[in-house]
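Observations on the three-dimensional arrangement
Listed here are the chains, written in short residue letters.
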Amino acid sequence: MAGEPQDDCLFCKIVRGQIPATIVRETETTVAFRDINPQAPTHVLVIPRVHHPDAASLAAAEPAIAADVLREAGEIAAEEKLEGYRVVFNTGSGAGQTVFHAHAHLLGGRGLHWPPG
Ligand code: AMP
Ligand code: ZN
């Protein structure tokens, strides 16, 4: 069923505490942790506790939780005192998505070029 935990999903395992992560913030609906391979001085992943394969699927199925993910990204950016930041949802393998559990990349702490690569 949509939203149910997936046994073979890395981020479901982080949500359940089965794989360690450097947790930054948690809410009833979201977990945020530092990316293991940071691309910027601040690189935090914000994920919903529920499993959906990508951000658009999450927004379609559970829009309030998609909003929670975005709000958390903003809260963390404020906590980390970022002057500017970028929120990225890689969607599909062609865009570099490797973990098929919806997640926002929060990137900041350095100059961010536009357009991104
Ligand atoms: P994406 O490529 O958009 O699917 O993003 C997946 C992200 O998860 C990558 O930036 C990885 O570095 C990150 N990642 C993979 N495994 C872990 C882990 N165990 N803890 C934290 N971040 C991870
Ligand atoms: Zn999952």
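Relevant structure appears above.
The structure displayed is predicted, hence computed values, not measured ones.

1. A closer look at the pattern of salt bridges
The full count for this structure, using the stated rule, is six salt bridges. Here Arg49 ties to Glu26 by a salt bridge, and the two come within 3.1 Å at their closest N and O atoms. Note that Arg49 is positioned in the loop between strand E3 (42–48) and helix H2 (55–61) and Glu26 in strand E1 (residues 23–26), a separation of 23 residues in sequence. We note a salt bridge from Glu80 to Arg34, for which the minimum N-O separation is 2.7 Å. Note that Glu80 is positioned in the loop between helix H3 (63–79) and strand E4 (85–88) and Arg34 in strand E2 (residues 30–34), a separation of 46 residues in sequence.

2. Points about the coordination of the zinc ion (ligand 2)
Taken together, Cys9 (SG), Cys12 (SG), His51 (ND1) and His101 (ND1) make up the protein donors of the zinc ion (ligand 2), found 2.0 to 2.3 Å from the metal. For the zinc ion (ligand 2), the four donor atoms in the first shell make angles of 108 to 115 degrees at the metal, a pattern classed as tetrahedral.

3. Notes on the site of ligand 1
Around ligand 1 lies a shell of 15 residues, among which Asp35, Asn90, Gly96, Thr98 and His105 are the nearest. In this structure, Asp35 approaches ligand 1 through a side-chain N or O atom, which is 2.5 Å from an oxygen atom. Here an oxygen atom of ligand 1 sits 2.7 Å away from a polar atom, N or O, in the main chain of Thr98. For ligand 1, whose free accessible area comes to 510 Å², the fraction covered by protein is 84%. Elements supplying a minimum of two residues to the shell around ligand 1: helix H1 (10–15) and E2. Residues that form the shell around ligand 1 fall into these classes: six nonpolar, seven polar and two charged.

The rules behind the values
Throughout, a residue's number is its position along its own chain's written sequence, starting from 1. Just so you know, chain letters begin at A and ligand numbers begin at 1, following the order they were written in. Side-chain atom pairs in this predicted model are given and counted only at pLDDT of 80 or more, local residue features only at pLDDT of at least 70, and totals for whole chains, interfaces and linings cover all residues. As a rule here, side-chain values come from all non-hydrogen atoms in the structure, and water together with hydrogens is ignored. Within this document, salt bridges are pairs made up of a side-chain nitrogen of Lys or Arg and a carboxyl oxygen of Asp or Glu, the two lying within 4 Å of each other. Secondary structure elements are defined from DSSP: runs of H or I of at least 4 residues count as helices, runs of E of at least 2 residues count as strands, and each element is numbered from the N terminus. Atoms are scored as donors when they are N, O or S and lie within 2.8 Å of the metal, with 3.2 Å used for Na, K and Ca; no water is included, so coordination may look incomplete. Labels for metal geometry use angle windows, namely 85 to 135 degrees for all angles of a four-donor tetrahedral site, and for square planar (four donors) or octahedral (six donors) sites opposite donors over 155 degrees apart plus all others within 65 to 115; sites meeting none of these are irregular. Residue proximity to a molecule or strand is established when one non-hydrogen atom of the residue lies within 4 Å of it. Polar contact is defined as a pair of N or O atoms within 3.5 Å, subject to the rule that within protein one atom must be able to donate a hydrogen and the other to accept it, and that residues adjacent in sequence are counted only when both atoms are side-chain atoms. Here the accessible surface of atoms and residues is derived via Shrake-Rupley with a 1.4 Å probe, and residues count as covered only by protein chains that are part of the display. Classification used: nonpolar for Ala, Val, Leu, Ile, Met, Phe, Trp, Tyr, Cys and Pro, charged for Asp, Glu, Lys and Arg, polar for all others including Gly.

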